[in-house]
Each structure stands twice: as C-alpha cells, then as structure tokens.
Amino acid sequence: MAVTVRIPTQLRELSGGAAEITGEGGTLASVLAGLETAHPGFRERLFDEQGELRRFVNVFVDDEDIRFLDGLNTEVKDGATVSIVPAVAGG
C-alpha cells in the first residue's frame with residue numbers, strides 16, 4: 001500500500017533533502033515505523049521516551065488531524081498523504 005509522507009523543512013536532513021517520501025503502511029504507526037527504517041533518526045525526533053508523538057509534532061492523514069481520529073492507530077489507505085507538521089510558536 002503506497003502512501004506519500006510530506007517531510008517538513010526542519011526534518012529534511014533525515015530524508016536526504018526530500019520533501020516527500022513514498023511509504024508503506026496500513027496504520028499511521030506502521031507508516032512512521034517504515035519512515036524510521038528507511039531514514040534512521042525520525043523516531044527520536046517525532047516520539048518521546050514513552051513512544052508517544054511529541055507534543056509539538058502534528059500529524060495529518062489526508063488533511064485530518066490524527067488527534068481527532070485514532071492517533072497512531074489511524075488507518076492510512078492506499079494513495080493517502082501523511083503530513084508531519086511541527087508546531088509553530090511565536091508572537
């Protein structure tokens with residue numbers, strides 16, 4: 001099952017500069033695990049010590065915030081787009 005993973009500028013050094021990566025998966029957890037396998041370093045940047053997504057990391061599956069879906073268990077269908085979006089703060 002092919003999905004597109006959009007990589008934010010801040011993490012592109014881990015993806016060899018690529019803004020998008022093709023991944024595989026059935027759930028968001030499996031997509032992100034595949035991302036780590038293909039491009040080591042993502043896990044420590046996205047997850048905390050308890051294995052949860054860091055508070056400042058927002059993830060969307062087809063423009064839907066996973067916090068309002070099933071979190072890491074959110075289904076990721078063939079052709080879906082997963083977007084990793086770091087929180088922006090400032091004033």
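Each remark here, short or long, concerns the structure printed above.
Source: prediction; values computed, not measured.

Caption draft 1: Spotlight on the side chain of Ser83. Position of Ser83 relative to the elements: it lies in strand 5 (residues 81-86). Filtering out sequence-adjacent residues up to four positions away, Ser83 remains in contact with Arg6, Asn58, Val59 and Phe60.

Caption draft 2: Structural detail: the environment of Arg67. The topology assignment puts Arg67 in the loop between strand 4 (64-65) and strand 5. According to the relative accessible area criterion, Arg67 is exposed, its value standing at 57%. Side chain to side chain, Arg67 and Asn58 meet in a polar contact 3.3 Å long. Polar contacts involving the side chain of Arg67 include one to the side chain of Asp65, which spans 2.6 Å.

Caption draft 3: Up close: unusual backbone geometry. The phi dihedral of Asp62 is positive, around 50 degrees, even though this residue is not glycine. Mapped onto the elements, Asp62 comes out in the loop between strand 3 (57-61) and strand 4. Note on Asp62: relative accessible area 43%, which makes it partly exposed. Phi at Asp63 is positive, roughly 70 degrees, even though this residue is not glycine. As for its placement among the helices and strands, Asp63 is situated in the loop between strand 3 and strand 4. By relative accessible area, Asp63 is classed as exposed at 67%.

Rules behind the numbers
Residues numbered from 1 in each chain as written. Predicted model: local features only at pLDDT ≥ 70, side-chain atom pairs only at ≥ 80, totals over all residues. Heavy atoms only, no water. Helix = DSSP H or I, 4+ residues; strand = E, 2+ residues; numbered from the N terminus. Contact = heavy atoms within 4.5 Å. Buried < 20%, exposed > 50% of the residue type's maximum accessible area, 1.4 Å probe, protein only. Polar contact = N/O pair within 3.5 Å; in protein donor to acceptor, adjacent residues only side chain to side chain.

Purely geometric stuff here, so don't read any function into it on its own.
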